[in-house]
Protein chains: 4
Amino acid sequence: MDSIKKILVADDGKKFFIRSLTEDFHTQFGFVAKAALAKAKPGDVLKTNTGKELCVFEPSFMDVYSRIKRAPQIIPRKDIAAIIAETGIGKGSVVVDAGTGSGALALFLSNVAKKVVSYEIRDDFAKVAEENVKFIGLKNLTVKRKDIYGGIDEKNVDVVTLDLPEPWKAVEHAAKALKVGGFIVSYSPTTPQVSDFISAVAKNKSLQHLKTIEIIEREWEFNERVVRPLSQQIGHSGFLTFARKVKK
Amino acid sequence: MDSIKKILVADDGKKFFIRSLTEDFHTQFGFVAKAALAKAKPGDVLKTNTGKELCVFEPSFMDVYSRIKRAPQIIPRKDIAAIIAETGIGKGSVVVDAGTGSGALALFLSNVAKKVVSYEIRDDFAKVAEENVKFIGLKNLTVKRKDIYGGIDEKNVDVVTLDLPEPWKAVEHAAKALKVGGFIVSYSPTTPQVSDFISAVAKNKSLQHLKTIEIIEREWEFNERVVRPLSQQIGHSGFLTFARKVKK
Amino acid sequence: MDSIKKILVADDGKKFFIRSLTEDFHTQFGFVAKAALAKAKPGDVLKTNTGKELCVFEPSFMDVYSRIKRAPQIIPRKDIAAIIAETGIGKGSVVVDAGTGSGALALFLSNVAKKVVSYEIRDDFAKVAEENVKFIGLKNLTVKRKDIYGGIDEKNVDVVTLDLPEPWKAVEHAAKALKVGGFIVSYSPTTPQVSDFISAVAKNKSLQHLKTIEIIEREWEFNERVVRPLSQQIGHSGFLTFARKVKK
Amino acid sequence: MDSIKKILVADDGKKFFIRSLTEDFHTQFGFVAKAALAKAKPGDVLKTNTGKELCVFEPSFMDVYSRIKRAPQIIPRKDIAAIIAETGIGKGSVVVDAGTGSGALALFLSNVAKKVVSYEIRDDFAKVAEENVKFIGLKNLTVKRKDIYGGIDEKNVDVVTLDLPEPWKAVEHAAKALKVGGFIVSYSPTTPQVSDFISAVAKNKSLQHLKTIEIIEREWEFNERVVRPLSQQIGHSGFLTFARKVKK
């Protein structure tokens, strides 16, 4: 998967992703010549051979992120956002993540944090994630082929994020890896998983401030007098449970 | 308001914020001597004169953020998170924000973005925000005493965030300030404000991909067999409307 | 559409609706002889010619209601229920309803109330509704081919329910038809419709206690350890606005 | 607690409940003479001795229901409504309910159904419920001082409603009491209660069509341009689980 070099946008907002500057790019509106593609700067307007105007954009993080390869179930952005909101992950943060899956969570956090290390035991998933890292062009994300249930190598970590079938098996390791003041976060679709994770956290006296939330996003239609929530809404994704290391 | 130097945490998770290392710190459990405070490192355990153990934490962004001075209505973190989730604000992003208010949104975004400029016309609010900037110790946030309805000085901006009574008055200025591919976001509590903002956006042909959402956060109790959403929940805060600049 | 005489239920809960007792009834499991159908009593177990056992049920209101002919958009049961919950419609209540549509709301309320009169101007809808009334076998529901925007004939009504594109045009008529203490209820999908309805209500000094709600139903999966809200949920249907006549 | 004879309503919607027609009624606006109270008909306007006008209303079911004595936790009307919506309880229905508590659910259902029998083992609760039955003037509701975990006397019941700490203990009895086609409904605040109830239902082969929902009611403000969900909302009350008897 080549990285996205440029994006062309039609009048109606439709986007075309340019992965090569050495070939003509064909669309339903005709083609754009490679010479024009190579010279184009953000905001320029290119014309296809049939005269259709296409506007040039520099690919932003969200454009590229929206095109990564995805495992069947990825954590939605509303939930990634809630992790950032609760833990305050920022430019200085070091994050350990597991399991990587296609890397969606780790990639999003890498765009915000200083450094992210993501644990994955399945080689096929790790390969997809590494391809996504390369595609998106991030330098601060490492995919580590290792079982997080067996231990965490990193120390003094700000946040540990867990999207695992049995997150309780990683609680002791996370507690050791975290700095005092750091957060452990678990994302699980079902309530018994949350209960078992919380039992494991409660046994560890260094972890406190347990909190579990779910985030519901409602999309609305605003179109003249048609102002209403959409009839179709996304349903449940998962519960987010947070705890904090308060002492060694 | 002095910045927070260290945090002490009691067994039950209660936090004490230390703003001076040259005075003894008094708690309901007795006092901690200034000499001990000055030498304490994260993870150390200090004792009060009555023998109560308190654990030392380095203040994280969220600890300090939770103590800023607040205007009566600030945008909640669930909504700040949704702005990051939709726009992909990251370490490389330049953001223009208005109105500053107490600076809660601008401060949170500054912890993630490269640079934030926040417009405020009320001098009293600007002062509170500047105090908060100093308190939280961020270097990349500037509070600008200027009316955003009159124009935006910055160019090539990634995201413009508006938390204003009449956000439609800033649409043209935002569209000019944004880079192609950049996002305009408006946060409004009521649906007629959203409708009027959307009408203004629809008149500007460079802005596309309108989307309006609201975020509902449900907190849950997990305590042995007591597994249930809380009886008391936060209600509505505001609607978030996003659009994107797709051409010059 | 003949009325439902009996229901047969297979082991897995699948239901078969018997509309004729003078013909054999064919299923994928073979047929049940007409003689057996005619004699069957609720709770009996019939056998098809292939030996499959089918249990006999007396059709309940919900079985028949679930099979009425439906116009494209009917008010969902969660919203019908909220009307009953707020107004206390019961065995003694007289209700005026408009517009009838396929009659779903009027039919449901007729199963609870003493008498329902439902106004409809479209003859095609009125015919469908009348077929549904006959099919469901209710005696206390009348479909009236009349424009409710032109007036309401009934007096001393307990509740007026409006599911109309311009419910504000029926407010004055409803206020006259209601007894003191009676309720007017409007069901609208969009917020501007609610705003306009409320403006009309506010102009009528006999109507007070305005209240607008929306009902969100979340369905859950409980299957051993898989305890979670469904990933697919019904989105928005409409807003319900209630007011009460407090004086002549 | 005397029954409510008449209701007086002030201009602003404030209601006064008249329980005696043989005494003057005192308000903050002066008093209404007993002679006037005795003669007043619905819709009449009475004057206090200070000239304040009060409108006369006949008490409706909801007026009286809103004044019953309540145990600390009663099932909210939104959830009662969902029971009616799912089961189609109507004028012909026979319902068995347990535990009675203050009788709120049983009273509401009695206003809709033909007959309700409500089981309660605590004598203090049964007394409150019987007072409420008398106060509200319903003839078709019987409070039975008996443990439903020990059995149900009634046969051929349309719906059994359970609001009990251990509803699974009543499943076998409910299955026997129900007619084929009837519904069992359980209301529980927590997910482990729902799980245990569902396990008990799954063991009984006559019960099928399991479904669990929760109802979220959002109240809205509509006041000129202030159109928004309220900042304060009711949180969680309970989960409703339904199953249906499909064979003997």
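Residues numbered from 1 in each chain as written. Chains lettered and ligands numbered in written order. Predicted model: local features only at pLDDT ≥ 70, side-chain atom pairs only at ≥ 80, totals over all residues.

A. Focus on the sheet that holds strand β1 (residues 6-9) of chain D. Residues and elements named next belong to chain D. Pairing in this open sheet of four strands is antiparallel, and the strands run β2-β1-β6-β5 from one edge to the other. Each having just a single partner strand, β2 (15-18) and β5 (45-47) make up the two edges of the open sheet. Taking the axes of each pair of neighbouring strands and ignoring which way they run, one obtains an average angle of 35 degrees across the sheet. Bridge count for β1 against β2 is four bridges, and the pairing is antiparallel. Across the sheet, V9 pairs through a bridge with K15, a residue of β2. (Pairing = 2+ DSSP bridges. Helix = DSSP H or I, 4+ residues; strand = E, 2+ residues; numbered from the N terminus. Axes fitted to C-alpha atoms, helices over the stretch in contact; angles between N-to-C directions.)

B. Structural detail: the relation of the copies chain B and chain A. Expressed as a screw operation, the relation of chain B to chain A combines 0.0 Å of axial shift with a rotation of 180 degrees, fitting to an RMSD of 0.1 Å. The transformation just described matches what one would write down for a two-fold rotation axis. The overlap is high: 100% of the interface residues of chain B also sit at the interface in chain A, so the same surface is used on both sides. (Least-squares fit on C-alpha atoms with pLDDT ≥ 70 in both. Contact = placed C-beta atoms within 7 Å.)

C. Quick look at the interface of chain B and chain A. Facing the 51 residues of chain B at the interface are 51 residues of chain A. Taken together, the residues of the side of chain B that touches chain A sort by class into 25 nonpolar, 13 polar and 13 charged. The pairing of strand β12 (residues 207-223) of chain A with strand β12 (residues 207-223) of chain B spans nine bridges and is antiparallel. Along β12 of chain B, the bridge assignment pairs I216 of chain A with I216 of chain B. (Nonpolar A, V, L, I, M, F, W, Y, C, P; charged D, E, K, R; others polar.)

D. How the structure looks around the confidence of the model for chain A. On average, residues of chain A score 92 in pLDDT, and 99% of them reach the 70 mark or higher. Prediction confidence for the complex, expressed as pTM and ipTM, is 0.90 and 0.90 respectively. (pLDDT = per-residue confidence, 0-100.)

E. Region of the structure containing the pairing of strand β8 (residues 115-120) of chain C. Residues and elements named next belong to chain C. The buried fraction of β8 amounts to five of the six residues, a majority that puts the element mostly inside the structure. On the question of chirality, the crossover connecting strand β7 (residues 94-98) to the parallel β8 by way of helix α4 (residues 104-110) is right-handed. Pairing of β8 with strand β9 (residues 141-145) involves five bridges; the strand directions are parallel. Bridge assignment links Y119 to a residue of β9, and that residue is K144. Read from β8 through helix α5 (residues 123-136) to β9, the crossover connection turns out right-handed. (Buried ≥ 20, exposed ≤ 12 C-beta atoms within 10 Å, placed from the backbone. Right-handed = clockwise from strand over helix to strand, strands pointing away.)

F. How the structure looks around helix α3 (residues 77-87) of chain A. Buried residues dominate α3 of chain A, accounting for eleven of its eleven residues. Among the residues trailing α3 of chain A, G88 of chain A stands out with phi positive, at a value near 65 degrees.

G. Structural detail: the pairing of strand β8 (residues 115-120) of chain A. Relative to β8 of chain A, strand β7 (residues 94-98) of chain A runs parallel, the two being bridged by five bridges. Within the sheet, the bridge partner assigned to V96 of chain A lies in β8 of chain A and is V117 of chain A.

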